[in-house]
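Topology and contacts: notes
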Amino acid sequence: MIELEHLTKVYGKIRAIDDLSIRIEKNEIFGLLGPNGAGKSTTIKILTTLVKPTGGRARLDDFDVVRDSLEVKKRIGVVPQENNLDRELSAFDNLRIYGLLHHLLELEQKIEEQLRSVGLWERRRDNIQTFSGGMQRRLLIARAALGGPRVLFLDEPTIGLDPQVRREIWNMIRRLKAQGGTVLLTTHYIEEAEALSDRVGILSRGKLIALDTPANLKKMVGEYVVEYLDGEGNQLTRMCASREDAECFLKEAGIEVRRRRSNLEDVFVKLTGGRIEQ
Ligand code: ADP
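Note that this is a predicted model, so its numbers are computed, not measured.

Observations concerning the sheet that holds strand S3 (residues 29-33)
- On the basis of which strands lie adjacent, the open sheet formed by six strands has the order S6-S7-S8-S3-S9-S10 and mixed pairing. If you trace the sheet from one side to the other, it starts and ends with strand S6 (76-79) and strand S10 (207-212), each paired once. Put simply, the sheet's adjacent strands are angled 15° from each other on average, direction ignored.
- Where S3 and strand S9 (residues 199-204) come together, four bridges link them in parallel fashion. Counterpart to Phe 30 in the pairing with S9 is Arg 199.
- Sitting on the sheet, helix H8 (residues 214-221) is in contact with S9 and S10, with an inclination near 105° to S10.

Written out as structure tokens, the structure reads:
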């Protein structure tokens with residue numbers, strides 16, 4: 001279980017995280033969604049003890065991330081945004097070094113389990129320089145899961161990967177949850193948050209602007225969307241609470257229109273004003 005209470009991180013004049021309070025339950029996949037610069041990575045860095053907060057506090061299984069950082073480190077696995085595997089080593093040795101540094105018992109067996117689960121067992125002796133980007137990301141996940149962490153953090157786990165590899169990674173994350181783990185992932189891919197998360201927190205400029213299940217967030221903005229073109233060919237959207245409302249609008253509009261179910265992207269655009277960069 002993870003608890004953030006009034007967490008704040010200030011860099012000079014920038015409030016990277018601004019009074020963030022979130023409680024993440026055991027065995028939950030929690031998606032932290034937000035545009036670039038919203039404070040997602042900073043939140044993960046604080047929870048994984050890499051960065052100290054300016055104010056407030058964060059706890060993982062009742063251990064404070066600043067005061068009890070060693071206890072926190074023992075309980076977490078981290079898939080960082082940047083690939084920090086050792087490029088000189090094989091897949092097996094990358095995991096072995098990690099396991100030795102973390103004093104893991106029955107290491108060889110754990111390595112085999114993880115490499116099999118991410119489909120890299122046959123390639124275990126190969127130098128990772130021969131691996132594709134997707135294979136390296138799978139190895140990063142295997143490494144993070146090696147010690148059987150209680151909480152797994154994934155910072156933009158599928159950034160830069162093609163759709164098929166992205167789906168493989170999603171399945172791996174689902175398997176980690178099925179094995180009893182808690183997962184906190186950050187993403188700016190809306191469909192990723194929607195596909196994986198039990199609950200989603202939307203961050204904008206360091207503040208939490210919404211937190212709920214994807215289904216409830218969609219209900220909040222209207223479950224149906226009518227898309228239509230104005231006289232100048234601009235696409236406009238209208239959020240509707242029900243199918244009947246959408247039908248009514250369709251009848252009255254008398255212009256080229258399309259009705260569809262809302263998705264998390266609609267929630268995101270409505271709540272953040274559609275900003276991509278901050
Ligand atoms: P996200 O992961 O959502 O893209 P970040 O947490 O990386 O956002 O960044 C949040 C804000 O904090 C941004 O404005 C970013 O420029 C700033 N920031 C992050 N790390 C640092 C740092 N080490 N020094 C100064 N500013 C930083």
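After that view of the structure, there is still more to cover.
A look at the domain arrangement of the protein
- Domain annotation for the protein reports domain 1 (2-216) and domain 2 (218-272).
- With both sides pooled, the region where domain 1 packs onto domain 2 buries about 1000 Å², and carbon together with sulfur makes up 71% of that total.
- For domain 1, the biggest contributors to the area lost against domain 2 are Ile 190, Glu 194 and Asn 216; these three give 44% of the whole.
- Connecting domain 1 to domain 2 are one salt bridge.
- Joining domain 1 to domain 2, the criterion identifies eight residue pairs in polar contact (both at pLDDT 80 or more).
- Of all the secondary-structure elements, those providing two or more residues to the side of domain 1 that touches domain 2 are helix H7 (190-196), S9, S10 and H8.
- Looking at the side of domain 1 that touches domain 2 residue by residue, the class counts come to 10 nonpolar, three polar and one charged.

Observations regarding a nonpolar patch on the surface
- A surface patch of nonpolar side chains, amounting to about 250 Å² of accessible area, comprises Ile 209, Met 220 and Leu 271.
- Its place among the elements puts Met 220 in helix H8.
- On the accessibility criterion, Met 220 (52% relative accessible area) is exposed.

Thresholds, definitions, all that
- Residues numbered from 1 in each chain as written.
- Predicted model: local features only at pLDDT ≥ 70, side-chain atom pairs only at ≥ 80, totals over all residues.
- Heavy atoms only, no water.
- Pairing = 2+ DSSP bridges.
- Helix = DSSP H or I, 4+ residues; strand = E, 2+ residues; numbered from the N terminus.
- Axes fitted to C-alpha atoms, helices over the stretch in contact; angles between N-to-C directions.
- Contact = heavy atoms within 4.5 Å.
- Domains from an automatic or database assignment.
- Buried area = accessible area lost by both parts, 1.4 Å probe.
- Salt bridge = Lys/Arg side-chain N within 4 Å of Asp/Glu carboxyl O.
- Polar contact = N/O pair within 3.5 Å; in protein donor to acceptor, adjacent residues only side chain to side chain.
- Nonpolar A, V, L, I, M, F, W, Y, C, P; charged D, E, K, R; others polar.
- Patch = residues over 30% accessible without salt bridge, like charges linked within 9 Å, V, L, I, M, F, W, Y side chains within 5 Å.
- Areas by Shrake-Rupley, 256 points an atom, 1.4 Å probe, with all protein chains shown as cover.
- Buried < 20%, exposed > 50% of the residue type's maximum accessible area, 1.4 Å probe, protein only.

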